[in-house]
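# Coordinate inspection notes
Given next are the chains, with one letter for each unit.
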Amino acid sequence: MRVDVSEIRKSPGMKVHLELSSRLPPLEVEGQAVKFTGPARASLDVTNNGKALVVEGEVEAGLEVSCARCLETFNFPVKVDFSEIYYPAGAEGISPEEREEWIPFVGEVLDLTPEVVKSIVLALPMRFICREECRGLCPRCGKNLNLGECHCSREGVDPRLAVLGDLLKEMKPR
Ligand SMILES: [Zn+2]
Ligand SMILES: [Zn+2]
């Protein structure tokens, strides 16, 4: 995701709005490659504040992930705020604190990709669940319970339910 800053870097006070769209390489999430379902889109304002280029806005993308419960692949949409400050490498008057937080750039093109990827990864949940009511797989036969019941009884699935199952058995007339 690259931005031509040849004009704005020379023009303190200038502000431009950008709509970008770019294919990004797969993300690495917990050692697994996660593919994008399409190009990532960014809606950003770039401002030259006289010292650095402030880039702010939103990034949207879709990821191809597997549900942690039913293992089905689904599209997980992400929408994250983006906010970074880029300063020309070698510029004077940048404090050590600013140097630590800001990102240096060289030349006339800003490559936002590393920070865009970082902001997407930070916004991801610990586990992907296809939908809140996902029933997952039967722990016995592995059937996807979203597609219907299997023939296994639910005994032993949940210890609390198992206890209830035993009680019910005992109560049954012989
Ligand atoms: Zn699921
Ligand atoms: Zn089953």
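Residues numbered from 1 in each chain as written. Chains lettered and ligands numbered in written order. Predicted model: local features only at pLDDT ≥ 70, side-chain atom pairs only at ≥ 80, totals over all residues. Heavy atoms only, no water.

### Here we look at the environment of arginine 69
Stated precisely, the cut-off is as follows: Secondary structure elements are defined from DSSP: runs of H or I of at least 4 residues count as helices, runs of E of at least 2 residues count as strands, and each element is numbered from the N terminus. Any residue under 20% of the maximum accessible area for its type is buried, any over 50% is exposed, and the rest in between are partly exposed; the area is computed with a 1.4 Å probe on protein chains only. Residues are treated as being in contact if the distance between any of their heavy atoms lies within 4.5 Å. Whenever two N or O atoms come within 3.5 Å, that pair is a polar contact, provided that in protein one can donate a hydrogen and the other can accept it, and provided that, for residues adjacent in sequence, both atoms are side-chain atoms.
Of note, arginine 69 is situated in the loop between strand E6 (53–66) and strand E7 (73–88). Taking the relative accessible area as the measure of exposure, arginine 69 reaches 32% and is therefore partly exposed. Considered as a pair, arginine 69 and phenylalanine 128 are 59 residues apart in the sequence and their alpha carbons are 8.4 Å apart. Ignoring sequence-local partners within four residues, the contact set of arginine 69 consists of Arg127, Ile129, Arg131, Glu132, Cys134, Gly136 and Leu137. Side-chain polar atoms of arginine 69 contact the backbone oxygen of glutamate 132, separated by 3.1 Å.

### Some details on the coordination of the zinc ion (ligand 1)
Selection criterion: Distances decide who is a donor: an N, O or S atom must be within 2.8 Å of the metal, or within 3.2 Å for Na, K and Ca. Water is not included, so sites may look incomplete. Only two sets of limits are used to name each site, 85 to 135 degrees for every angle of a tetrahedral four-donor site, and over 155 degrees for opposite donors with all other angles from 65 to 115 for a square planar four-donor or octahedral six-donor site, with any other site named irregular.
Only Cys67 (SG), Cys70 (SG), Cys130 (SG) and Cys134 (SG) from the protein coordinate the zinc ion (ligand 1), and they sit 2.3 to 2.4 Å from it. Seen from the zinc ion (ligand 1), its four donor atoms lie at angles of 105 to 113 degrees, and the figure they make is tetrahedral. Within one chain, the residues donating to the zinc ion (ligand 1) are spaced in sequence as C-x2-C-x59-C-x3-C. Residue cysteine 70 is found in the loop between E6 and E7, and its partner cysteine 134 is found in the loop between helix H2 (113–122) and helix H3 (159–171); the two are separated by 64 residues along the sequence. Each member of the pair, cysteine 70 as well as cysteine 134, carries the same accessibility label: buried.

### Some thoughts on the packing of aromatic side chains
Any aromatic ring pair is given by two values, namely how distant the centres are and how the planes are angled relative to each other. The line we're drawing: Between rings of Phe, Tyr and Trp, where Trp is taken as its six-membered ring, a pair exists when centres lie within 6.5 Å; planes separated by under 30 degrees are stacked, by over 60 edge-to-face, and by other angles tilted.
Tallying each qualifying case throughout the model produces two aromatic pairs. Ring geometry for tyrosine 87 versus tryptophan 102: centroids 6.4 Å apart, planes at 50 degrees, classification tilted. Of the two residues, tyrosine 87 sits in strand E7 while tryptophan 102 sits in the loop between helix H1 (96–101) and strand E8 (103–105), which places them 15 residues apart along the sequence. Tryptophan 102 shares its class with tyrosine 87; the two are buried.

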